[in-house]
Structures are given as structure tokens and as C-alpha cells.
Amino acid sequence: MLQAAGRPGARSLLWVGLLVSAVFTYLALRGVDFAEVREALAESNYWWLVPALAALAVAIAVRALRWQLLFRRATRPPFRAALSALLVGIFVNSILPARAGEAARIVVLNQQQQTSRVEALGTVVLERALDVLCLLLLLFAISPWLPPVSWLGPAAALAGAVAAVLAAIAWVLARFGDRPIRAALRPLARFRLVGERRLDLAGSNLAQGLVGLRDWRLLLGGIALTTLSWLSLGLAMWFVLRAFDLGLPLLAGFLVAIAVNIGMILPSSPAAVGVFEAAVLVALDAYGVTKEEALSCAIVAHVVHVVPFLVAGPLVLHAHAVSLRRASAET
């Protein structure tokens, strides 16, 4: 990952992410009375963060279970391995830009379980598609009970596009198997470092990683677990809002969680600094919450969603390194 950071494309993505974060940070802080922000933070009831952290833990466990489920049965990793790799991935996303944690968790899972990296990549791609689709479907499901949301139209277009792409990929894989993927990868065989045999294997593994699109039971299970994870994250966000005694309904927590995670699709700095805060402000503005109160909520919510992984991630990485050293000593 460090080597990749030195490549021109990676550097460009890094600068784009930093620029995006800077713009959104400016928008979030513009015109804010910081004395009122400090007052709101001082008067909060932080006991509400206990159930918020519990709901967040449930969401992470559900997402690890979903990742495990999306592998085909023959190569499905144990839940504990999937959870450990996922925690490492979230930790790396918190300290590095460009969603580097997705690559990190694939590598960790491969080192633990010898899972094909290409197959794991396929499951991660499917995860991201399910995340966006279920997030937007949840938004439409609760929209009749929400205040006016200006970005509902663009969200509908995005949901339709994601659903169409998933349907097209599912049909192609069901009709032609892994042949289209192999054909798409075949031009890479012109490079000397990548042989045709390795590309065929990679195409086969990638198709296996997308098996959830061909098996309706896996797909329905993935959709159900994805939705459950978003409900848990929305509940966690609502508990954070309760700490500020704003009198907001439960659906406000869901709207904030949806806005934050839609915003995090954009490239940004590590931990989505600025983007996270701006998304919370946009969502709470629909409820007439002042910018100072909304920023206070955003700061605390961001801490809740980052600090636990800054603690858990290094611990899991240390245990992983110890297990690798032990396995190396035994061979």
C-alpha cells in the first residue's frame, strides 16, 4: 500500500480526496458560532454513547457475517477470520485515504485463510453494490415520514442505476458463466508479467467472488444482512442524537446515517474528515436543527465511528502478526 501511494495515480487520488475534504470542511464550519458548539458539547448526556457503541458493534458483526456469506461454500472463511479482516480494513480506512482498507482486509484474509485475493475482491465489489442499493432503498422506504429532502431525486437515479448494473451482471454471469470476465481480462495477457493462464484463473476466481449474483439465496441473504446492518447503524446514530436532547424521531438517525454513507462514496481524506460532518449538517438541516447543534452531533458521531476502530484495529493487527510469526516458525 505504501508503494502504491507513491504512484502518480494514487497521488492524484490522494490530492483529490484532500481537496474534497477541505471543501466540505469549509462548508461545515462556515458561519458557525464555536462558542455555541462548545456549550452544546459540554451539556450533552454522553451516557447515550453506550447504546450507540453497542448498536455499532452489532452492525460490524452483521457486516462480517455478510462478507462470510458472500463467499461460495467451498471457500467460505470462518466468521472470526472475516471479522478480524474487516476490523483491519476499517482501521486502515481511518488512517489512509482512497479506501485502502478494502485492499488491506483482502490481504489479511488471504494470509489467514489462503482465500483467493481475486475472489475476495469480487465479494467486496458485491458488498459495495449491495451497500449503495440497500441504503437507497431504505431511504425510499422511510421517505413518506421524512421532512422534505432535496436530494431524494438524485438518490433515486443512483439506486436505479445500481439495480440495473447488478441485474445486467447477474444475467451475464447466469447466461455465460465466467467467460465474459475472462474475455475482459484477456488484453492484460499482452503484459509479460501476466500470463494467460494466470488471467484465466483470476477470471474464474472473480466470477466465484460474484457468486452471490447467481445464487438467489445468497443474494437475498446479502440484501437482508446489508439492510440489518444499516438499521443498526441508523440506530447507533439516533442514540448519538439523543445525547444532545434534540427531540428528534428515530428516523432522523436513519436519515443521518444514510446521508453520511452516501457522502462517503466521494473520495476524501482518511476517516472522511469534513465529508462526514457536512453530511450530518445537511441531514439535520431538514429537521431545522441549528448548524451549531448539528456540528456538535457530527463531531461526537464521528468520534464514535472512528475511535473504536483506532483501538481495535492495532490489536487485531498485532494478533495477526503473532499468528503469522508462529505459523512461520512451525514450518
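Calculation criteria
Residues numbered from 1 in each chain as written. Predicted model: local features only at pLDDT ≥ 70, side-chain atom pairs only at ≥ 80, totals over all residues. Heavy atoms only, no water. Helix = DSSP H or I, 4+ residues; strand = E, 2+ residues; numbered from the N terminus. Buried < 20%, exposed > 50% of the residue type's maximum accessible area, 1.4 Å probe, protein only. Polar contact = N/O pair within 3.5 Å; in protein donor to acceptor, adjacent residues only side chain to side chain. Contact = heavy atoms within 4.5 Å. Axes fitted to C-alpha atoms, helices over the stretch in contact; angles between N-to-C directions. Parallel < 35°, antiparallel > 145°, perpendicular 65-115°, else oblique. Left-handed = near helix turned anticlockwise from the far one by under 90°. Nonpolar A, V, L, I, M, F, W, Y, C, P; charged D, E, K, R; others polar.

Observations concerning unusual backbone geometry
If a residue is not glycine, its phi is most likely negative; likewise, a peptide bond is most likely trans.
Working step 1: Residues other than glycine seldom take positive phi values, yet Gln114 does so here, at roughly 55°.
Working step 2: As for its position among the elements, Gln114 is in the loop between helix H6 (100-113) and helix H7 (117-142).
Working step 3: Positive phi is not limited to glycine here, since Ala272 has a value of about 55°.
Working step 4: Inspection of the secondary structure assignment puts Ala272 in the loop between helix H12 (250-263) and helix H13 (275-285).
Working step 5: For Ala272, a relative accessible area of 4% puts it in the buried group.

Concerning the side chain of Arg63
Working step 1: Relative to the helices and strands, Arg63 is located in helix H4 (residues 49-69).
Working step 2: Residue classification places Arg63 among the buried residues on the basis of a relative accessible area of 12%.
Working step 3: Separated by 2.7 Å, the side chains of Arg63 and Asp131 make a polar contact.
Working step 4: Every residue in contact with Arg63, bar those within four places of it in the chain, is listed here: Leu86, Glu127, Arg128, Asp131, Ser229, Trp230 and Leu233.

What about the packing of H4 against helix H14 (residues 291-330)?
Working step 1: Look at H4 against H14: their axes get within 11 Å of each other, and the N-to-C directions meet at 55°. Looking at the two axes, H4 sits oblique to H14. Regarding H4 and H14, the two cross each other, and that crossing is right-handed. Side by side, H4 and H14 meet where Leu49, Leu53, Leu56 and Ile60 of the first sit next to Val300, Val304, His305, Pro308 and Phe309 of the second.
Working step 2: Here the residues of the contact of H4 with H14 are counted per class, giving eight nonpolar, one polar and no charged.

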